[in-house]
Amino acid sequence: METTNPPTVNNKYLRMALRKIESEDFSEKIQHRHVAVIAKAGRILAVGRNRNKTHPEAIVLNEDGDKILKSIHAELDAIFKVKNKEQLRGATIYVARIGRSGHPGMSCPCKMCQALIDKYGLKRAVFTTDYGTGTLDFTGEAA
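A quick note: this is a predicted structure, and the numbers were derived from the prediction, not measured.

1. Concerning helix α2 (residues 74-81)
Right, on to step 1. Burial analysis of α2 places six of its eight residues in the buried class, which makes it a mostly covered element.
Right, on to step 2. When α2 is considered as a whole, its buried residues turn out to be Ala74, Glu75, Leu76, Asp77, Ala78 and Ile79.
Right, on to step 3. Looking at the packing, one finds that the buried side of α2 touches β1 (33-40), β2 (43-49), β3 (51-52), β6 (71-72), β7 (92-98) and α3 (111-119).

Next comes the structure, spelled out in structure tokens:
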């Protein structure tokens, strides 16, 4: 069986996010381990991670009656940690995920997070992929 080498991640903020994932105590119930770092002009504004919501209304049941915990996305967590939202204008968010293989995986922000990134005027999202990194550009102008 041929083994593949994990993708190389050269971006310092993505590497920081990957180290944070490895150092954090993620619940076994969290399927994907994501960390988001927001930076602007070489300064880190916030670091967020995905986590399960704990409010009772955030717990739903699937068709089989199993509990499904809704989660707070890493991007949302990082954005809401920035007290002065004006600081987000023109910033870049870096999102990383470590997959079940123990290697970086796809962490492109979902549509909901992309809308939030655009709403607060961030200009770019840089994220890990199964093969390296990817980038999404935004207008950088809050609505």
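Once the structure has been displayed, the description carries forward.
2. What about helix α1 (residues 12-23)?
Right, on to step 1. The first and last C-alpha atoms of α1 sit 16 Å apart over twelve residues, in line with the 16 Å expected at 1.5 Å per residue.
Right, on to step 2. Every buried residue of α1 is accounted for by Tyr13, Leu14, Ala17, Leu18 and Ile21. Take α1 and look down its axis: the buried residues cluster within an arc of 145°, on one side only. Exposed and facing more than 90 degrees away from the buried side of α1 are Lys12, Arg19, Glu22 and Ser23.
Right, on to step 3. N-cap assignment for α1: the residue whose side-chain oxygen lies 2.8 Å from the backbone N of tyrosine 13 is asparagine 11.

3. Details of the nonpolar core
Right, on to step 1. Counting 20 residues, the largest nonpolar core has Ile38, Ile79, Leu88, Ile93, Ile117 and Leu122 as its most contacted members.
Right, on to step 2. When contributions to this core are tallied by element, the ones reaching two or more residues are β1, β2, α2, β7, α3 and β8 (124-129).
Right, on to step 3. Per-element tally for this core: the top contributor is α2, with four residues.
Right, on to step 4. Sequence-distant contacts of isoleucine 38, defined by excluding residues within four places in its chain, comprise Arg43, Ile44, Leu45, Ala46, Ala78, Ile79, Leu88, Ala91, Thr92, Ile93 and Leu122.

4. With respect to the sheet that holds β7
Right, on to step 1. Taken in spatial order, the five strands line up as β2-β1-β7-β8-β9 in an open sheet, and their pairing is mixed. Since the sheet does not close on itself, it has two edges, and those belong to β2 and β9 (132-137), each with one partner. Pairs of neighbouring strands in the sheet enclose a mean axial angle of 20°, with direction left out of account.
Right, on to step 2. Looking at chain direction, β7 and β8 are connected through four bridges and run parallel.

5. A closer look at the pairing of β9
Right, on to step 1. In this structure, β8 lies alongside β9, joined through six bridges in antiparallel fashion. Considered in β9, the bridge of alanine 125 is made with leucine 136.
Right, on to step 2. Connecting β8 to the antiparallel partner β9 that follows it, the hairpin turn spans two residues.

The rules we used
Residues numbered from 1 in each chain as written. Predicted model: local features only at pLDDT ≥ 70, side-chain atom pairs only at ≥ 80, totals over all residues. Heavy atoms only, no water. Buried < 20%, exposed > 50% of the residue type's maximum accessible area, 1.4 Å probe, protein only. Helix = DSSP H or I, 4+ residues; strand = E, 2+ residues; numbered from the N terminus. Contact = heavy atoms within 4.5 Å. Expected span 1.5 Å × (residues − 1). Arc of directions from axis to C-beta. Polar contact = N/O pair within 3.5 Å; in protein donor to acceptor, adjacent residues only side chain to side chain. Core = buried A, V, L, I, M, F, W, Y, C linked by side-chain atoms within 4.5 Å. Pairing = 2+ DSSP bridges. Axes fitted to C-alpha atoms, helices over the stretch in contact; angles between N-to-C directions.

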